Amino acid sequence: MSTAELPVDYEAEKKPDLVQHAVLLVVVSLIALVGNTVATDATIIQGLIGLAVLYAIAMVGLVLTYAVPVGLPSVAWISLVGILVTLPWTPGSAWVLDKVSHVNFLTLATPCLAYAGIAITRREIGIAKSSGWKLFIVAVFVMTGTYIGSAIIADLFL
Amino acid sequence: MEKTKNILFDWRLHLSVLVITVIAEAIGVVAVPIGIGSILLLPLLYAFVMGLVLNPNVVRKVEGWMGQREVRAASPLIVIAIMPFIAKFGTIIGPSMEKIIAAGPALILQELGNLGTILLAFPVAVLFLGMGREAVGATFSVAREPNIAIIADKYGLKSAEGAGVMGVYVIGTLFGTFIFAILASLLATSGWFSIEALAMACGIGSGSMMAACSGALSHAVPAMEEQILALAGASNVLTYATGLYLCIFVALPVTEKLYDLLGRKEPAISNAGE
């Protein structure tokens, strides 16, 4: 097996370029729009405008990811852009907030998890099966550890 | 260009996700009361399960509808599909900036809490489960992509350490959202920690896990939703920014030292798959 076939998929696959990102982001935004219409009382038009604003924020963040190569992941850039345009002292922040208020945040995560379920590879299932129970126990302790560890320290300093 | 078309023409994949999303959102949030609290079942969790059911690697029979091609195509879409969510998260953090600055010291110091993986999981892995060097990779972090990169860089992914980090990564991918949603909703209703502290702890460095965690929290305490989301989002951004350095300079060296103290003395040749 060459290094290109390491048992981790994110290394093997080529990352989509900016144009592909732009196109695919339209696809997932449309799916999110349908989800938002099912989940909330917002009209399709309200949802569409809200998602268009979020699309713009995401695209600016993506462009920055490519333009400023400091190794910050795209999601970090996107959230920074989202923060900057909605700071109380940013001009127009009230308008942005009003538009995105019609989009339910939790609904936006639903398509992502659907893709995640479909993306599980045979190799990943293999790893889970073969060394399953021990790793499962360790993983539960790892996640509980980071969560409770952070909560304890945060509680101490609040 | 060719590839853009390919991905776009994976219409079965996108159509499946659309249908899954509609069904999941139509069901909505369901609260299951248990003992000290209640577990919140969120649409994103149903979506994950439905995704697994449509995965030909999980359920053979769906191969006629979805093949390996769709499975491969779905992988880069996980990150893209989380982008509108992250953008929305940013717009929740922005207006709450003053509250976040007020919580500043706690917010920054709780990043150190991520070392809790070592405190809690390392002794379990080495002393109770008898794991070898794979325990180092498995417990030095929450095993998300940046952490895999660290292990790949230092030990290689075919090493015991690599098997450990990959194992926890896979389990985290499969069950992480469930585990964090359950942890968050149980602790939110237990009253052991302040809700602000639990919200900050949701910033794990994984978009989908933070979504499940803060989603469960805000459903448990709807009155504080905005604050919860703002703190979780800010903490998550901070974890992206600092997590890598914390892992390289603190978590991994500490885990190594602990292994010298507690671990097996003979060179481990076993792999995680015992």
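Residues numbered from 1 in each chain as written. Chains lettered and ligands numbered in written order. Predicted model: local features only at pLDDT ≥ 70, side-chain atom pairs only at ≥ 80, totals over all residues.

(A) Quick peek at the overall build of chain A. Across its full length, chain A carries eight helices and zero strands. Each helix and strand of chain A, placed in order from N terminus to C terminus, yields the pattern α-α-α-α-α-α-α-α. Sorting the 158 residues of chain A into buried and exposed places 49% on the buried side. Restricting to contacts in chain A with at least 6 residues of sequence separation, those with at least 24 account for 58%. (Helix = DSSP H or I, 4+ residues; strand = E, 2+ residues; numbered from the N terminus. Buried ≥ 20, exposed ≤ 12 C-beta atoms within 10 Å, placed from the backbone. Contact = placed C-beta atoms within 7 Å.)

(B) How the structure looks around the overall build of chain B. Along the backbone of chain B there are 13 helices and two strands. Here chain B holds 274 residues, and the buried ones make up 58% of them. Across chain B, contacts joining residues at least 24 apart in sequence account for 70% of those joining residues at least 6 apart.

(C) Examining helix H2 (residues 11–27) of chain B more closely. The end-to-end C-alpha separation of H2 of chain B is 24 Å, in line with the 24 Å expected for 17 residues at 1.5 Å each. Of the residues making up H2 of chain B, those classed as buried are Leu13, His14, Ser16, Val17, Leu18, Ile20, Thr21, Ala24 and Glu25 of chain B. Of the surrounding secondary structure, the elements contacted by the buried residues of H2 of chain B are helix H2 (18–39) and helix H6 (105–119) of chain A together with helix H3 (43–53) and helix H4 (68–93) of chain B. With its phi angle positive at about 80 degrees, Gly28 of chain B sits one or two positions after the end of H2 of chain B. (Expected span 1.5 Å × (residues − 1).)

(D) Local environment of the confidence of the model for chain A. Residues and elements named next belong to chain A. Predicted confidence across chain A gives a mean pLDDT of 83, with 87% of residues reaching 70 or more. By mean pLDDT, the top-scoring element of chain A is helix H3 (residues 44–67) (93), and the lowest-scoring one is helix H1 (residues 9–12) (41). Counted against residues more than four places away or in other chains, residues 1–13, with its pLDDT under 50, gives 16 contacts. (pLDDT = per-residue confidence, 0-100.)

(E) Seen up close, the confidence of the model for chain B. Residue and element names in this part refer to chain B. Per-residue confidence for chain B averages 81 on the pLDDT scale, and 88% of its residues sit at or above 70. Taking the mean pLDDT of every element in chain B, the minimum, 59, falls on helix H1 (residues 2–8) and the maximum, 93, on H2. The ipTM for the predicted assembly is 0.82, set against a pTM of 0.70.

(F) Focus on the packing of helix H8 (residues 132–157) of chain A against helix H10 (residues 160–190) of chain B. Their axes nearest at 9 Å, the elements H8 of chain A and H10 of chain B cross at an angle of 50 degrees. With respect to H10 of chain B, the element H8 of chain A is oriented oblique. Handedness of the crossing formed by H8 of chain A with H10 of chain B: right-handed. Mapping the contact onto sequence places Leu135, Phe136, Val138, Ala139, Val140, Val142, Met143, Thr144 and Tyr147 of chain A in H8 of chain A and Gly167, Val168, Ile171, Gly172, Gly176, Ile179, Phe180 and Leu183 of chain B in H10 of chain B. Per-class residue counts for the contact of H8 of chain A with H10 of chain B are 13 nonpolar, four polar and no charged. (Axes fitted to C-alpha atoms, helices over the stretch in contact; angles between N-to-C directions. Parallel < 35°, antiparallel > 145°, perpendicular 65-115°, else oblique. Left-handed = near helix turned anticlockwise from the far one by under 90°. Nonpolar A, V, L, I, M, F, W, Y, C, P; charged D, E, K, R; others polar.)

(G) Looking closely at the interface of chain B and chain A. Across the contact, 111 residues belong to chain B and 95 residues belong to chain A. For the side of chain B that touches chain A, the element with the most residues is H4 of chain B, which contributes 21 residues. Residue composition of the side of chain B that touches chain A, grouped by class: 76 nonpolar, 28 polar and seven charged.

(H) Quick peek at the nonpolar core. Residues Tyr115 of chain A together with Phe180, Ala184 and Cys213 of chain B are the most contacted members of the largest nonpolar core, which totals 145 residues. Looking at which element gives the most residues to this core, the answer is H10 of chain B, with 17 residues. Lining this core are residues from two domains, each supplying at least three of them: domain 1 (3–119) and domain 2 (122–158) of chain A. Leaving out residues up to four positions away in the same chain, Cys213 of chain B has contacts with Phe180, Ala181, Ala184, Cys202, Ile204 and Ala232 of chain B. (Core = buried A, V, L, I, M, F, W, Y, C linked by C-beta atoms within 7 Å. Domains from an automatic or database assignment.)

(I) Representation of H10 of chain B in the model. Residues and elements named next belong to chain B. For H10, which comprises 31 residues, the first-to-last C-alpha distance of 38 Å sits more than 12% below the rise-based estimate of 45 Å (1.5 Å per residue). In the structure, H10 departs most strongly from a straight axis at Phe175, where the bend amounts to approximately 65 degrees. Summarising burial for H10: 26 of the 31 residues are buried, a large majority. Among the residues trailing H10, Gly191 stands out with phi positive, at a value near 80 degrees. (Bend = angle between axes of the 7 residues up to and from the residue.)

(J) Quick look at the packing of H2 of chain A against H2 of chain B. Orientation of H2 of chain A relative to H2 of chain B, taken along the N-to-C sense of each, is 20 degrees, at an axis distance of 8 Å. Of the possible angle classes, the one that applies to H2 of chain A and H2 of chain B is roughly parallel. As H2 of chain A packs across H2 of chain B, the resulting crossing turns out to be right-handed. Seen from H2 of chain A, the contacting residues are Val27, Ile31, Val34, Gly35, Val38 and Ala39 of chain A; seen from H2 of chain B, they are His14, Val17, Leu18, Thr21, Val22, Glu25 and Ala26 of chain B. Split into classes, the residues belonging to the contact of H2 of chain A with H2 of chain B amount to nine nonpolar, three polar and one charged.

(K) Geometry of the environment of Leu217 of chain B. Residues and elements named next belong to chain B. If you trace the backbone, Leu217 turns up in helix H12 (residues 207–220). Taking the C-beta count within 10 Å as the criterion, Leu217 has 28 such neighbours and is therefore assigned buried. Here the alpha-carbon distance between Leu217 and Ile228, two residues eleven residues apart in the chain, equals 7.4 Å. Setting aside residues no more than four positions away along its own chain, Leu217 makes contact with Ala184, Ala188, Ile195, Leu198, Ala199, Cys202 and Ile228.

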